[in-house]
Amino acid sequence: MRRFLRGMRALLIVALILAVAAGTILLLHSPVFEKGGGYELYLAPHSSALTLRTDDPARDKLLCPVKGESVRYDGDEKDALIARFRAKVLMTEEAAGVVNYYCFSPLLGEGVSLYGRTVNLHIAVSKTQTAVGTPLIFGGF
């Protein structure tokens, strides 16, 4: 009987370890942003050459090696995004009616070097919508 109980305890410990590992994997691969329009995953580290548009970013992040992601929202969501990610705006630029905010967030992973600063959150705001990406928004807006 003791042998049976030890075996069951060992199986329970293994099952618990597997459950924690699965939960960790799911957390690490969950989408950074809440769903909006046009969710994109970037599979190449520094360009839009391998962009995957998806309606199910959680599933696709489990299946693909993702280097970045972005999403679009209606209206100006800049302040809400900066607050949510506790981001510090490092620099801004304006071009063609779009204001770009290059930020660093302690809640996000590695960034890219841009003008000598580490950026891991990029917010672009036009008259009608906001795009946000990490580490940058690749492609057009």
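Scoring rules and cut-offs
- Residues numbered from 1 in each chain as written.
- Predicted model: local features only at pLDDT ≥ 70, side-chain atom pairs only at ≥ 80, totals over all residues.
- Heavy atoms only, no water.
- pLDDT = per-residue confidence, 0-100.
- Helix = DSSP H or I, 4+ residues; strand = E, 2+ residues; numbered from the N terminus.
- Buried < 20%, exposed > 50% of the residue type's maximum accessible area, 1.4 Å probe, protein only.
- Pairing = 2+ DSSP bridges.
- Axes fitted to C-alpha atoms, helices over the stretch in contact; angles between N-to-C directions.
- Core = buried A, V, L, I, M, F, W, Y, C linked by side-chain atoms within 4.5 Å.
- Contact = heavy atoms within 4.5 Å.

So, the confidence of the model for the chain
The share of residues in the chain with pLDDT of 70 or more is 83%, and the mean pLDDT across the chain is 82. Across the chain, element-level confidence peaks in strand 5 (residues 98-104) with a mean pLDDT of 97 and bottoms out in helix 1 (residues 2-28) with 67.

Notes on the pairing of strand 3 (residues 68-74)
For a regular strand, the rule is simple: side chains alternate between the two faces of the sheet. Taking burial as the measure, the seven residues of strand 3 include five buried ones, the bulk of the element. As judged from the four bridges shared by strand 1 (residues 37-42) and strand 3, these two strands associate in the antiparallel manner. Residue Leu-41 lies in a different strand from strand 3, and its bridge partner there is Glu-69. When strand 3 meets strand 9 (residues 129-134), the two strands line up antiparallel, connected through six bridges. Paired with Asp-74 across the bridge in strand 9 is Gln-129.

Considering the pairing of strand 9
Counting buried positions over the six residues of strand 9 gives five, a clear majority of the element. Of the pairings in the sheet, the one linking strand 8 (residues 121-125) to strand 9 comprises four bridges and is antiparallel in character. Opposite Ile-123, over in strand 9, you have Val-132 as the bridge partner. Turn length for the strand 8-strand 9 hairpin, with the two strands adjacent in sequence and antiparallel, is three residues.

So, the sheet that holds strand 8
Taken together, seven strands build an open sheet; the order of strands is 2-1-3-9-8-5-4 and the sheet is antiparallel. Of all the strands in the sheet, just strand 2 (51-53) and strand 4 (88-95) have a single pairing partner and so form its edges. Averaged over all pairs of adjacent strands, the angle between strand axes in this sheet comes to 20°, irrespective of strand direction. As paired elements, strand 4 and strand 5 share seven bridges and run antiparallel to each other. Bridge pairing links Met-91 to Tyr-102 in strand 5.

Overview of the nonpolar core
As a rule of thumb, soluble globular proteins bury nonpolar side chains together. Judged by nonpolar contacts, the single largest core of 16 residues is most densely connected at Phe-33, Phe-85, Leu-121, Ile-123 and Val-132. Only strand 1, strand 3, helix 3 (78-84), strand 5 and strand 8 provide two or more residues apiece to this core. No other element matches the three residues that strand 8 contributes to this core. Other than its neighbours up to four places away in sequence, Val-132 contacts Phe-33, Glu-69, Ser-70, Val-71, Tyr-73, Leu-81, Leu-121, His-122, Ile-123 and Ile-137. Among the nonpolar cores identified, the runner-up in size contains 13 residues, and Tyr-42, Met-91, Val-98 and Ala-124 belong to it.

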